[in-house]
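Inside the fold
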Amino acid sequence: MSVALVAGFMTLLDVSIVNVALPSIRADLHLSSGELQWVLSGYALTFGLMLVPAGRFGDARGRRNAFILGLAVFTLASAAAGMATGALWLVIARLVQGAAAGVVNPQVSGLIQQLFEPAERGRPFGLLGATIGISTAIGPLLGGLLIQVFGTAEGWRWIFYINVPIGLVAIVLGYRWIPGRPRERREQESLDPIGVLLLGVGVLLLLLPLVQEREWHGSAKWLLAVAGVLVLAGFVWWERSYGRRATSVVDLSLFRVRSYALGALVGLLYFGGFTSIFFTYTLFLQSGLHYTALEAGVAITPFALGSAVTSAIGGRLVNRYGRPLVAIGLVMVAAGLTGVVLALHFVPGDGAGWATALPFLVAGLGSGFVIAPNQALTLAEVPVRRAGSAGAVLQTGQRIGTAIGIAAVGAMFFNRLAYHHGSWDLAFRDSLWITIGFVLIALAAAVADVLATRHEDPDISIRPVAH
């Protein structure tokens, strides 16, 4: 678990750590705005594309081999990104890096299902939730520190180089410590290549216009999203047909389990709001208030600290309180982000970092009660043999939510920036209401699960992870 979580932390860190380095990368390599967008979003795109097929591969052929292969490619791609001398080199390295991260991550949640009995999974899922929350939130701080230490010209390269020694150690220890596939399960299962292809094309068509929302002008790009929905409908038809005679890449019957279906929806919606915060807030601080990369990273640290504390606690409490714990966390996140809006209203200007520290801490504390417990509850009733692909579908939803959130919140942010004649403060505050909206819809889904559970059995006030 230590090796798996370190690798998971490293791959998820690269989602957000690049944010504060974008000005340095742009200045050093002379990137256009479109190329800069691909450095940031291309990683998330290939990450999302690989999750489900990699999870299915790990289920069918062994998680250790998939984990080590993905980690080796990720380490090599990180070194290549750090040595980039031009835009094309860096973009390709980031695309490969994202694909490798998509291979590694489903194996982590799959290993938890494999190594722990249902009643024991709360704590490791709590650690996984902490890993997800902290890696995303602490990325800007760590990126700012590296740029401060190594300078603006070379600091951005060390954001990638730092992965190399960690990756090499994790490969060696992963091979020694992660169990191989049991001999009795070594029969070759079909990997459902047609299902993998349909899902990959559908997700690509859905994500591409979101990733390129600010680069491709006009409404024609949304036809790709419509095509993506149609391809995904074809994927569902194929999976139903194929699943009658063999093991499909996604077990659609999982979505008939309310805990899995609603948990996946909560994850999609929450990540739609959660990750967009760091994108717009670092823009506001660096471009609007002229904070350094390190100062911008420090300003978001209260969220990371709060998330770290409650993620560990949430993993222990989820067995006792179930989905109500997630609902409480979502209420805290919404309250904290509303507090950020109010703090910026009363303390505008350079004091924004200090003014938002307490409400961001509250939001971070709530986030820890959302990510880890929701992960545990969503996967609680999933059979171990489908753990990798089920976890991958959950993470794919999170990646799609992230793309939707950044596109929607980013569009509002830049729209309001123009409307308010360059007022970064007002643009950030207005866009934050979209983030709060995502959180509130996720809260509605969590409350629906709580009410449905109590309707089934009024004597049960909580829903444990294991039955």
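This text goes with the structure placed above it.
What counts as what
Residues numbered from 1 in each chain as written. Predicted model: local features only at pLDDT ≥ 70, side-chain atom pairs only at ≥ 80, totals over all residues. Heavy atoms only, no water. Core = buried A, V, L, I, M, F, W, Y, C linked by side-chain atoms within 4.5 Å. Buried < 20%, exposed > 50% of the residue type's maximum accessible area, 1.4 Å probe, protein only. Helix = DSSP H or I, 4+ residues; strand = E, 2+ residues; numbered from the N terminus. Contact = heavy atoms within 4.5 Å. Axes fitted to C-alpha atoms, helices over the stretch in contact; angles between N-to-C directions. Parallel < 35°, antiparallel > 145°, perpendicular 65-115°, else oblique. Left-handed = near helix turned anticlockwise from the far one by under 90°. Nonpolar A, V, L, I, M, F, W, Y, C, P; charged D, E, K, R; others polar. Expected span 1.5 Å × (residues − 1).

A few words on the nonpolar core. When a protein is soluble and globular, its nonpolar side chains tend to lie buried together. Core analysis: the largest hydrophobic core is formed by 99 residues, its most contacted members being Phe67, Tyr270, Phe303 and Leu330. Take this core: its biggest share by element is 13 residues, from helix 10 (residues 258-288). Sequence-distant contacts of Phe67, defined by excluding residues within four places in its chain, comprise Val3, Ala4, Ala7, Val104, Gln107, Val108 and Ile178. Within the second largest apolar cluster, 25 residues are counted, among which are Leu40, Leu90, Val91 and Leu146.

Here we come to the environment of Leu76. Within the secondary structure, Leu76 is located in helix 4 (residues 63-82). Its relative accessible area of 63% is what places Leu76 among the exposed residues. As a C-alpha pair, Leu76 and Gln212 span 136 residues in sequence and 27 Å in three-dimensional space.

Orientation of helix 10 relative to helix 13 (residues 323-346), taken along the N-to-C sense of each, is 20°, at an axis distance of 13 Å. Classed by the angle they form, the pair helix 10 and helix 13 counts as roughly parallel. The crossing of helix 10 and helix 13 is left-handed. Facing helix 10, whose interface residues are Ser259, Gly263, Val266, Tyr270, Ile277 and Phe284, helix 13 presents Arg323, Val326, Leu330, Val333, Leu337 and Leu344. Split by residue class, the contact of helix 10 with helix 13 holds nine nonpolar, two polar and one charged.

This brings us to unusual backbone geometry. Excluding glycine, residues mostly have negative phi values, and the peptide bonds linking residues are mostly trans. With a phi angle near 55°, His30 is a residue other than glycine that sits in the positive phi range. Inspection of the secondary structure assignment puts His30 in the loop between helix 2 (22-29) and helix 3 (33-61). Classification of His30 as exposed rests on a relative accessible area of 66%. Non-glycine residue His421 carries a positive phi angle of around 55°. Mapped onto the fold, His421 is located in the loop between helix 16 (387-419) and helix 17 (424-456).

The first and last C-alpha atoms of helix 12 (residues 301-321) sit 28 Å apart over 21 residues, in line with the 30 Å expected at 1.5 Å per residue. Taken residue by residue, helix 12 has Thr301, Pro302, Phe303, Ala304, Gly306, Ser307, Thr310, Ser311, Gly314, Gly315 and Val318 as its buried positions. Note on helix 12: the residue one or two positions beyond its end, Gly322, has a positive phi of about 65°.

The next subject is the environment of Gln286. Turning to its location among the elements, Gln286 is positioned in helix 10. Judged by its relative accessible area of 17%, Gln286 falls in the buried class. Between the alpha carbons of Gln286 and Val20 there is a distance of 8.2 Å; along the sequence they are 266 residues apart. Leave out the neighbours within four places in its chain, and Gln286 touches Asn19, Val20, Pro23, Tyr291, Thr292, Ala293 and Ala296.

Purely geometric numbers; function is a separate question.
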